[in-house]
Amino acid sequence: MENCLFCKIIAGEIPSAKVYEDEETYIFRDIEPKAKIHLLCVPKEHFASLSEMDDGRAALVGRMLKKIAALQTELGLSDGYRLVVNQGANAGQTVPHLHIHILGGEPLEWE
Ligand code: AMP
Ligand code: ZN
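Residues numbered from 1 in each chain as written. Chains lettered and ligands numbered in written order. Predicted model: local features only at pLDDT ≥ 70, side-chain atom pairs only at ≥ 80, totals over all residues. Heavy atoms only, no water.

Caption draft 1: Broad picture of the site of ligand 1. Near ligand 1 lie 17 residues; those nearest to it are D30, N86, T94, H99 and H101. A distance of 3.0 Å is found between an oxygen atom of ligand 1 and a backbone nitrogen or oxygen belonging to V95. Within the complex, 86% of the 510 Å² of free accessible area of ligand 1 lies under protein. If you map ligand 1 onto the pockets, it falls in the largest pocket. The element contributing the most residues to the shell around ligand 1 is helix α1 (residues 5-10), with 3 residues. Here the shell around ligand 1 is composed, by residue class, of 7 nonpolar, 6 polar and 4 charged. (Near = heavy atom within 4 Å. Polar contact = N/O pair within 3.5 Å; in protein donor to acceptor, adjacent residues only side chain to side chain. Areas by Shrake-Rupley, 256 points an atom, 1.4 Å probe, with all protein chains shown as cover. 1 Å grid on protein atoms, 1.4 Å probe; cavity = no way out; pocket = protein on both sides within 12 Å on 5 of 7 lines; lining within 4 Å. Sits in = over half its atoms within 2 Å of the grid points. Helix = DSSP H or I, 4+ residues; strand = E, 2+ residues; numbered from the N terminus. Nonpolar A, V, L, I, M, F, W, Y, C, P; charged D, E, K, R; others polar.)

Structure follows, in structure tokens:
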């Protein structure tokens, strides 16, 4: 996908702090962390949001969640973590390539 920031990061055209990669998933550090640990988990396949999901993409997102769970300790999140998926303007989504925010490394505010 041309002119997509995260596609460029996945392709290595824009530098990123990678923490995990496999054939379909890329995890890297958010450039403006909102917690001690703030990672972004993205599918290598470009699609903008959950509204563009089909059965194949739903299965892909399911595997992404399974990988995050399997990597919990390796990512420094053994005391817990929060996943956030911003969708659209009201949620403040700024990058139209589906991404799961992974937040942790410290107690997180909740209200
Ligand atoms: P969202 O607001 O949910 O679309 O999340 C986009 C996230 O991408 C924000 O938390 C940004 O800080 C992050 N971000 C933007 N540019 C970069 C970059 N070059 N490398 C890493 N994270 C980025
Ligand atoms: Zn993209």
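Now that the structure is up, let's keep going.
Caption draft 2: The arrangement of the layout of surface pockets in detail. Space inside the largest pocket adds up to approximately 490 Å³. Lining the largest pocket are 24 residues, and of these F6, D30, I31, L40 and H101 lie nearest its centre. Take the lining of the largest pocket: its biggest share by element is 3 residues, from α1. (Points joined across faces, edges and corners; volume = space filled by probe spheres on them.)

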